[in-house]
Amino acid sequence: MRKYVIMGVQGSGKGTQAQMLAADLDMVHISVGDIFRWNVQNHTKMGAQVRRVMAAGELVGDDLVESVVRDRLTQHDWNYGFIIDGFPRNRRQAEFFLESYDIDGVIVLDLPDSEVRRRVLSRRLCANCGMDYNLIANSPKIPGRCDTCGGELITREDDTEEALAVRLREYHKEAESVLEIFRRKEYVFVVDARPAPEVIQGQIRTCLGLPPYKAETQPDKAETQPDKAETQPAKVEREPAAQRGSAGA
Ligand code: AMP
């Protein structure tokens, strides 16, 4: 049973990396942002609650986020473990999480803000099937149309200059306090998010002591793809601390 957290600003590719890891190791990938987006797209009551906040690039209230995470994890469909992305986003969420779950590793995808802007503003989403595209390195065969279902490609409501600036500010402010908590208890590994997805995946696995990445398990479309592959080694920020969370689920 493995329990991991993956952190990184929007556009750092955390969804792609989490999916690659989960698919190969039979873990469940939990994306809090995807759960909210599903609710918005399907016009649920929760979707109506979070839509405006998400579109502005702000964070959804902690009570709601915590209940979404609690409900998702109590489904207990994660026999081989889970990798959670987009959570925790602040100190309170991190404390809530560690009260109930004992984490085996925290991956932080590190990307300069200028690169985040470049990637996020070129991101498109299929309005029909939800497939992600990136006009820089992963553009559709027919402009504006999804390769898989032919649906219309749209910009995510929160992928605007203004919303991104809010998110970046928010991220830098809160991420440090989350990491401070994780560094006390867990393994924290900072990985350069600029190389190609497979390279980053390899580095994540080295950090976590997992078997190497097998290319055939790669998802069809990556959320973000850089335009060149670099092979900088992963930076291990901290050795595992002796003290670990005690209430493993
Ligand atoms: P993401 O796809 O992880 O970037 O999440 C998209 C949006 O969902 C964020 O901009 C927030 O509005 C909301 N959201 C996702 N995860 C959280 C969280 N842990 N806490 C608060 N809001 C969140």
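See the structure shown above.
A. Summary view of the sheet that holds strand β1 (residues 2-7). If you trace the 5 strands from one edge of the open sheet to the other, you get β2-β3-β1-β4-β8, paired in parallel fashion. Two strands close off the open sheet at either side, each with one partner strand: β2 (28-31) and β8 (188-192). The sheet shows a mean angle of 20° between the axes of neighbouring strands, taken without regard to direction. Where strand β4 (residues 105-110) and β8 come together, 5 bridges link them in parallel fashion. Bridge pairing links Val 108 to Val 190 in β8. The strands that helix α2 (residues 32-41) touches are β2 and β3 (81-85); relative to β2, the one it contacts most, it runs at about 65°.

B. Region of interest: unusual backbone geometry. Across the junction of Phe 87 and Pro 88, the peptide omega takes the value -5°, indicating a cis bond. By the secondary structure assignment, Pro 88 is in the loop between β3 and α5 (91-100). Of note in this structure, Asp 26 is not a glycine but carries a positive phi near 60°. Along the polypeptide, Asp 26 turns up in the loop between α1 (14-25) and β2. What makes Asp 26 exposed here is its relative accessible area of 53%. Phi at His 76 takes a positive value of approximately 50°, unusual for a residue other than glycine. You can see His 76 is positioned in the loop between α4 (62-73) and β3. Residue class for His 76 comes out partly exposed when judged on its relative accessible area of 47%.

Definitions and limits used
- Residues numbered from 1 in each chain as written.
- Predicted model: local features only at pLDDT ≥ 70, side-chain atom pairs only at ≥ 80, totals over all residues.
- Heavy atoms only, no water.
- Pairing = 2+ DSSP bridges.
- Helix = DSSP H or I, 4+ residues; strand = E, 2+ residues; numbered from the N terminus.
- Axes fitted to C-alpha atoms, helices over the stretch in contact; angles between N-to-C directions.
- Contact = heavy atoms within 4.5 Å.
- Buried < 20%, exposed > 50% of the residue type's maximum accessible area, 1.4 Å probe, protein only.

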